[in-house]
Amino acid sequence: MPSQVNALTASYAKGGTDVPLIEQTIGDFFAAMAQRQGSRDALVSRHQGLRYSYAQLHMAARQLASALLSQGLVKGDRVGIWSHNNAEWVLMQLATAQVGLVLVNINPAYRTSEVEYALNKVGCKALVSMPRFKTSDYLGMLRELAPELASCAPGQLQSKRLPALRTVAWIDAAGPGAADLDAEQPGMLRFSQLMAQGTSADERIDAIAATLSNHDPINIQFTSGTTGFPKGATLTHRNILNNGFFIGECMRLTPEDRLCIPVPLYHCFGMVLGNLACFTHGSTIVYPNDGFDPITVLEAVQAEKCTGLHGVPTMFIAELDHPRFAEFDLSTLRTGIMAGSPCPIEVMKRVVRDMHLSEITIAYGMTETSPVSCQS
């Protein structure tokens with residue numbers, strides 16, 4: 001009997017090993033990439049009018065890492081990001097990884113009770129948030145949860161309902177909802193104020209980076225919670241950096257590629273299949289907008305000469321069926337990923353034929369697996 005038990009428990013699935021895994025942290029890997037091709041485009045955030053080269057993005061991420069340390073955060077602390085797609089999101093992704101802070105992705109569709117659950121479940125000490133988006137008033141929800149913000153100094157929150165949270169920063173860069181806010185939000189920092197507290201020359205960054213392991217947890221993503229409350233899947237540098245790398249390999253990405261990413265960053269699709277697939281290949285990230293809008297996607301692909309485009313099937317259908325679709329030159333497109341739900345054959349055929357995506361791939365996976373397990 002014991003031999004049968006051993007035979008059943010000795011189960012191990014292993015993929016190809018001809019291409020070695022990356023054994024660096026995200027911070028070290030990105031620093032090396034920025035050194036190799038500092039002048040190349042790393043990020044274009046069209047709705048914000050922002051462009052960063054690899055060198056500029058690396059310096060800005062170091063400055064933010066320094067600023068987060070100035071808030072008293074230490075390796076292993078959880079830092080939340082509650083926002084749609086923007087440059088601040090990717091800066092948080094890179095900055096937290098450099099100094100061992102665990103980035104917690106919070107769904108912008110969450111309502112008050114859901115964000116309370118998420119922040120408390122993982123013990124977020126700091127949170128960076130969009131001020132608002134359409135009908136969602138994020139800062140209003142935070143004030144409802146933590147009325148103590150009205151009377152505390154920024155960075156010194158002591159809240160009954162959010163006991164771990166100390167620092168709240170709101171994204172005040174160009175974009176919908178920022179310009180019309182009050183000059184100051186009591187108890188909160190502007191993101192620009194937070195950035196100003198840091199310096200890219202901060203020696204603490206390199207000292208902490210030297211103590212990090214690529215097996216350290218670096219990211220918590222909440223699953224959909226279809227069988228109950230959302231579950232926080234904890235992922236390491238090694239998990240998501242390698243997943244992003246092999247996704248990019250499957251797409252044949254090079255530094256010449258420019259990937260349009262309209263899918264949300266809070267989800268693995270945007271953060272790993274998008275951002276990290278690009279960063280591991282020196283490619284350029286293009287955000288067409290903060291939330292999905294088919295016309296801004298088509299405009300971005302044409303204006304930025306994008307070679308790749310991501311989307312869930314409904315996004316591709318909305319682009320294909322847009323009344324102005326024929327006006328746009330999409331001839332630079334080559335690759336991308338359709339994923340997130342079953343991909344109908346007819347939609348794939350239209351995407352290949354009408355959008356020039358001859359090498360588009362389909363990916364499947366789970367948040368818990370970083371996420372992609374299979375890619376066509």
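For the structure, see preceding data.
So, here is what we can say about the structure in this document. Computed from a prediction, not measured in an experiment: that's the story for all the values here.

## Digging into the sheet that holds strand β11 (residues 232-236)
Strand order in the open sheet formed by seven strands is β9-β8-β5-β3-β4-β10-β11, and the pairing between neighbours is mixed. Edge strands, defined here as strands with exactly one partner in the open sheet, are β9 (189-190) and β11. Sheet analysis places strand β4 (residues 102-106) next to strand β10 (residues 217-222), joined by three bridges and oriented parallel. Counterpart to Leu103 in the pairing with β10 is Asn219. Where helix α5 (residues 112-122) meets the sheet, it contacts β3 (78-82), β4, β5 (124-129) and β10, and its direction lies at approximately 150° from that of β10. Sitting on the sheet, helix α9 (residues 237-250) is in contact with β10 and β11, with an inclination near 75° to β11.

## Regarding the pattern of salt bridges
Applying the stated rule across the entire model yields 19 salt bridges. Taken together, the salt bridges that share partners define one network made up of Asp41, Arg46, Arg51, Arg258 and Glu304.

## Focus on unusual backbone geometry
Most of the time, phi is negative for any residue but glycine, and the peptide bond is trans. Residue Ser370 is joined to Pro371 through a cis peptide bond whose omega torsion reads 5°. The phi dihedral of Lys305 falls on the positive side, at around 50°, and the residue is not glycine. Tracing the sequence through the fold places Lys305 in the loop between α11 (294-303) and β14 (308-311). Even without being a glycine, His356 presents a positive backbone phi close to 70°. Considering the arrangement of structural elements, one finds His356 in the loop between α13 (345-354) and β16 (359-365).

## Quick word on α5
Within α5, the full set of buried residues consists of Thr112, Val115, Glu116, Ala118, Leu119 and Val122. All buried residues of α5 project into a common sector of 165° when viewed along the axis, lining one side. Seen from the open side of α5, the exposed residues pointing more than 90 degrees away from its buried face are Ser113 and Lys121. Buried residues belonging to α5 abut β3, β4, β5, α6 (138-145) and β10.

## Regarding helix α2 (residues 26-36)
Within the sequence span of α2, burial applies to Ile26, Gly27, Phe29, Phe30, Met33 and Ala34. The buried residues of α2 occupy an angular sector of 165° when the element is viewed end-on, so they sit on one face. More than 90 degrees from the buried face of α2, the exposed residues found are Gln35 and Arg36. Looking at the buried positions of α2, the neighbouring elements they touch are α3 (54-70), α4 (87-98), β10, α9 and α10 (268-279).

Definitions and limits used
Residues numbered from 1 in each chain as written. Predicted model: local features only at pLDDT ≥ 70, side-chain atom pairs only at ≥ 80, totals over all residues. Heavy atoms only, no water. Pairing = 2+ DSSP bridges. Helix = DSSP H or I, 4+ residues; strand = E, 2+ residues; numbered from the N terminus. Contact = heavy atoms within 4.5 Å. Axes fitted to C-alpha atoms, helices over the stretch in contact; angles between N-to-C directions. Salt bridge = Lys/Arg side-chain N within 4 Å of Asp/Glu carboxyl O. Buried < 20%, exposed > 50% of the residue type's maximum accessible area, 1.4 Å probe, protein only. Arc of directions from axis to C-beta.

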